[in-house]
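Okay, here's what each chain looks like letter by letter:
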Amino acid sequence: MNIQSILEKKKKGLKLNKDEIFYFVEGYLKDEVKDYQASALLMAICIRGLDFEETSHLTEAMIKSGDTVDLEEVEGEKVDKHSTGGVGDTTTLVVGPLLASCGLAFTKLSGRGLGHTGGTLDKLESIAGFRIDLSREEFIRNINDIKIAIMGQTATIAPADKKIYALRDVTATVDDKSLIASSIMSKKLAIGSDILLLDVKVGSGSFMKTVEEAEALGATMVKLGYEFGRKTYVLLSNMDEPLGYAVGNSLEVIEAIDTLRGQGPADLKELSMAICSKILLLSGISSDRKEAEKLLQEKIDSGEALEKFKEMVSAQGGDPSYIDDVSKFELSAIKREVLSTGAGYIKEIKALQIGEIAKELGAGRATKEDSVDLGAGILLNKKIDDPVEEGELLATLYTQRESILESAVKDLQSAFVIGDKNQQKYELLLGEVGREDV
Ligand code: URA
Ligand code: CA
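Scoring rules and cut-offs
- Residues numbered from 1 in each chain as written.
- Chains lettered and ligands numbered in written order.
- Predicted model: local features only at pLDDT ≥ 70, side-chain atom pairs only at ≥ 80, totals over all residues.
- Heavy atoms only, no water.
- Helix = DSSP H or I, 4+ residues; strand = E, 2+ residues; numbered from the N terminus.
- Polar contact = N/O pair within 3.5 Å; in protein donor to acceptor, adjacent residues only side chain to side chain.
- Pairing = 2+ DSSP bridges.
- Axes fitted to C-alpha atoms, helices over the stretch in contact; angles between N-to-C directions.
- Expected span 1.5 Å × (residues − 1).
- Buried < 20%, exposed > 50% of the residue type's maximum accessible area, 1.4 Å probe, protein only.
- Donors = N, O, S within 2.8 Å, 3.2 Å for Na, K, Ca; no water.

Draft legend 1. Up close: the environment of glutamate 406. Examined against the element boundaries, glutamate 406 turns out to sit in helix H17 (residues 405–415). Sequence separation of glutamate 406 and arginine 336 is 70 residues, and the distance between their C-alpha atoms is 9.7 Å. A polar side-chain atom of glutamate 406 sits 2.6 Å from a polar atom in the side chain of arginine 336.

Draft legend 2. Up close: the sheet that holds strand E2 (residues 105–110). Taken together, six strands build an open sheet; the order of strands is E3-E2-E1-E4-E5-E13 and the sheet is mixed. Looking at which strands have only one partner, the edges of the open sheet turn out to be strand E3 (148–152) and strand E13 (429–434). Going from strand to strand, the sheet's axes swing by 20 degrees on average, the running direction of each strand aside. Here two bridges tie strand E1 (residues 78–83) to E2, and the two strands are oriented parallel to one another. Following the sheet pairing, valine 79 is matched in E2 by phenylalanine 106.

Draft legend 3. Inspection of helix H14 (residues 304–315) at higher detail. When the terminal C-alpha atoms of H14 are compared, their 16 Å separation across 12 residues agrees well with the 16 Å that a helix rising 1.5 Å per residue should span. Turning to H14, its buried residues are Ala305, Leu306, Lys308, Phe309, Lys310, Met312 and Val313.

Draft legend 4. Just the coordination of the calcium ion (ligand 2), in detail. Here the calcium ion (ligand 2) is held by the protein donor atoms Gly88 (O), Leu243 (O), Ala246 (O) and Glu255 (OE), which lie 2.3 to 2.4 Å from it. Spacing between the donor residues of the calcium ion (ligand 2) along the chain follows G-x154-L-x2-A-x8-E. Accessibility expressed as a relative area gives 2% for leucine 243, which makes it buried. Classification of alanine 246 by relative accessible area gives buried; the value is 1%.

Draft legend 5. Inspection of the pairing of strand E9 (residues 377–380) at higher detail. Pairing of strand E6 (residues 246–247) with E9, which is carried by two bridges, proceeds in the antiparallel orientation. By the bridge assignment for E9, valine 247 is matched with isoleucine 378.

Draft legend 6. Main features of unusual backbone geometry. Even without a glycine there, the phi angle at alanine 172 is positive, about 55 degrees. Take alanine 172: it is sitting in the loop between helix H8 (159–169) and helix H9 (177–189). One non-glycine residue, aspartate 385, lies in the positive phi region at around 85 degrees. Along the chain, aspartate 385 falls in the loop between E9 and strand E10 (387–388). Overall, the relative accessible area of 24% leaves aspartate 385 in the partly exposed class.

Fair warning: the whole summary comes from geometry, so function is off the table for now.
Structure, rendered in structure tokens:
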């Protein structure tokens, strides 16, 4: 076998067999297949496509390129949740403690933020002392003791995906559905959870611009999930505005704490409830949506969900007093209010642009090596469908970067699209794809 013949085949739109796909993945990881050859193949795949069988082989090859985390020693049903990358999306920090308080084992390996999307690990590190570098033993012990642990995704999980993804990023080959599905699923399926809930973002701030595209991606991921023995379910959620009001690390942790306390933004609560209900149904803990939501509400009202968050923070070395007193989270020193220059109704809050501004303010990274200002970010004061008057507060910025402040203010003003009252109310939940009847 050689790489030229594989390239030749895909160029002509022919189907690659399992050996050929493994040859490419293994060869590229070992540098035997060169960057220029891998780039050519990825581009041919983007143009010609992969069918489901090829996508499944690619996923398997990437899983097998590294370590897998078997969770045999974890008692009870293990659940994992993943989002395809939103702006201001702090759902994991709400969903994890809520599900753990319902008795499910929440076993999550998370990443850091890159580009305009934030990462759960950075957010958690805004709590003093919080450690994300748990050993495998600690991870499993914590899950068995308190039903929840969130740790850093190690470099040894699906290393081939890591290398291929970096190449896709610079060769305009990211946005192919088969490549995205196999990339996400290779990392998720390397961890031995029983139930996998995927939140596929749709809209201006995400890879999938339309519901149809997101459904197609979701269908492939669900099929892959079952093929590898996981109950998999996809929710589609709208990213035509950031989720909640907070965008930035400390700000988002505070927002998650508020939500666990029953006082968070309506959209963050709606999405968290939708994700948790599906998982409770898939696990058999609840038998219908109403019952699931009732149980979740009880866990919020009784304080058990918030207590779970606190237990996780303590177990991972963090200072639990931050949860009782959120004024302990340090926000960046420069605070600036951004006012509206127009009047009417909010029609859109460009999520991608908001994410980019938050990054400029210090909340995100341009390259992997950058450090993050955990106190930087944006606190929105308006959401889609809200009325707004000229001179009214749109958002508050937090940063340490004086020099970019004026341009950030202008960019932020232009991220808010203001016009006539919307004909239709903004919908957060746009669809779902699954196999089980839940
Ligand atoms: N996230 C991933 O991990 N991979 C992709 O290809 C796209 C989003
Ligand atoms: Ca938010």
